[in-house]
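Commentary on secondary and tertiary structure
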Amino acid sequence: MGTEATPKLPIIDFNNLNLEAKSPNWELVKSQVYKALVEYGCFEAVFDKVPLDLRKAIFASLQELFYLPLETKLLNVSKKPYHGYVGQYPMIPLFESMGIDDANILEKVDSMTNNLWPDGNQNFSKTIHSFSEELTELDQIIRKMILESLGVEKYLEEHMNSTNYLLRVMKYKGPQTSDTKLGLSTHSDKNVVTILYQNQVEGLEVMTKDGQWISYKPSSSGSFVAMIGDSIHAWSNGRLHSPFHRVMMSGNEARYSTGLFSIPKGGYIIKAPEELVDEEHPLLFRPYDHVEFLKYYYTEKGQRDQFAMRTYCGV
């Protein structure tokens, strides 16, 4: 008997696509995106619009950032949970990260940069902003394809205006052993869409619907992982799958990665469109405010709850 092949994330080519003018391959890519998000909740996106020199520069910038003294990194603060500096946690000792709110807006990046480098750091600001701007376009292409696939593109403008962007930059120290150590605990994202990019050090694992772990290996240096979060799982009335994932580390090298998150604005009520609720698809989640949900999620009980959204607003 033959053994089943190890599952892999679908690979989707986003080159030669334009957000404003639909290209001939738009419908084909759209169908691939929808199928991948229903089955896996994520896929590998090949997106060469981010130039090679910018992809290299982002990791040089991350090394420079995380090399700063701890007291400087602690200046990266935010009123929003996990938007500022995260580190020094005994449960995940290999992990530290920093957040840059509205990283697609140069003035906001400059403000964060000048807080950490009093004399400024123009190269860092420019790299972070340019990288985020390019990935914002990929995020918006994916979200437009999702709404078209669901037949609810009339909500597109409202949907796009309901979010802003956070760029989280992350470092995982190598555990200095060939044994595999936990880099980041199993979780599902809570936002709309996440676009991940990593250096050559692997570690990301995604759980399939039947509980298998897929170890992600990028097919090229121009590959990103696009993953949906619980917000659009709820908004789509469960049609799209929000996958559990984690980071597992081994060896000596540090893993650097970035995540561009589209996040619902506070005060915006996430509610499944009436077109997506019927006898076959009864309503799964009551309307909710993302920021209010996070107040529950970041309690001790919420952090232990693997299905926090179901607990918070499930029907």
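Residues numbered from 1 in each chain as written. Predicted model: local features only at pLDDT ≥ 70, side-chain atom pairs only at ≥ 80, totals over all residues. Heavy atoms only, no water.

1. Some words on the overall build of the protein
If you tally the helices and strands in the protein, you get 10 helices and 13 strands. Relative to its length of 315 residues, the protein is compact, with a C-alpha radius of gyration of 19 Å against a globular reference of 20 Å. Projected onto its principal axes, the C-alpha coordinates of the protein cover approximately 55 × 55 × 45 Å. For the protein, the residues scored as buried account for 55% of the 315 residues in total. (Helix = DSSP H or I, 4+ residues; strand = E, 2+ residues; numbered from the N terminus. Rg over C-alpha atoms; globule rule 2.2 N^0.38 Å. Buried < 20%, exposed > 50% of the residue type's maximum accessible area, 1.4 Å probe, protein only.)

2. Description of the sheet that holds strand E10 (residues 245-251)
Pairing in this open sheet of 4 strands is antiparallel, and the strands run E5-E10-E7-E8 from one edge to the other. The open sheet has two edge strands, strand E5 (177-187) and strand E8 (213-215), and neither has a second partner. Between one strand axis and the next, the sheet turns through 25 degrees on average, direction left out of account. Pairing of E5 with E10 involves 5 bridges; the strand directions are antiparallel. The residue of E10 that forms the bridge with His187 is His245. (Pairing = 2+ DSSP bridges. Axes fitted to C-alpha atoms, helices over the stretch in contact; angles between N-to-C directions.)

3. Focus on the UniProt feature "domain: Fe2OG dioxygenase" (unreviewed entry) in the protein
Sites flagged by UniProt as "domain: Fe2OG dioxygenase" (unreviewed entry) map to residues 162-264. The distance separating the terminal C-alpha atoms of residues 162-264 is 6 Å; by composition the span is 6% helix and 55% strand. (UniProt positions renumbered as here; feature names shortened; annotations may be inferred.)

4. Brief notes about the layout of surface pockets
Counted as a void, the largest pocket has a volume near 1200 Å³. What lines the largest pocket is a set of 47 residues, among which Tyr82, Leu184, His187, Tyr297 and Tyr298 lie closest to the centre. Class assignment for the residues of the lining of the largest pocket results in 24 nonpolar, 16 polar and 7 charged. Of the pockets and cavities examined, the second largest pocket occupies roughly 330 Å³. Lining the second largest pocket are 17 residues, and of these His233, Ser242, Phe244, Phe307 and Arg310 sit closest to its centre. (1 Å grid on protein atoms, 1.4 Å probe; cavity = no way out; pocket = protein on both sides within 12 Å on 5 of 7 lines; lining within 4 Å. Points joined across faces, edges and corners; volume = space filled by probe spheres on them. Nonpolar A, V, L, I, M, F, W, Y, C, P; charged D, E, K, R; others polar.)

5. Re the side chain of Asn199
Mapped onto the elements, Asn199 comes out in the loop between strand E6 (193-198) and strand E7 (204-207). Given a relative accessible area of 10%, Asn199 falls into the buried group. Within the structure, Asn199 has its side chain in polar contact with the backbone oxygen of Ala254 (distance 3.3 Å). With residues up to four places along the chain from it excluded, the contact list for Asn199 reads Phe59, Ala254, Arg255 and Tyr256. (Polar contact = N/O pair within 3.5 Å; in protein donor to acceptor, adjacent residues only side chain to side chain. Contact = heavy atoms within 4.5 Å.)

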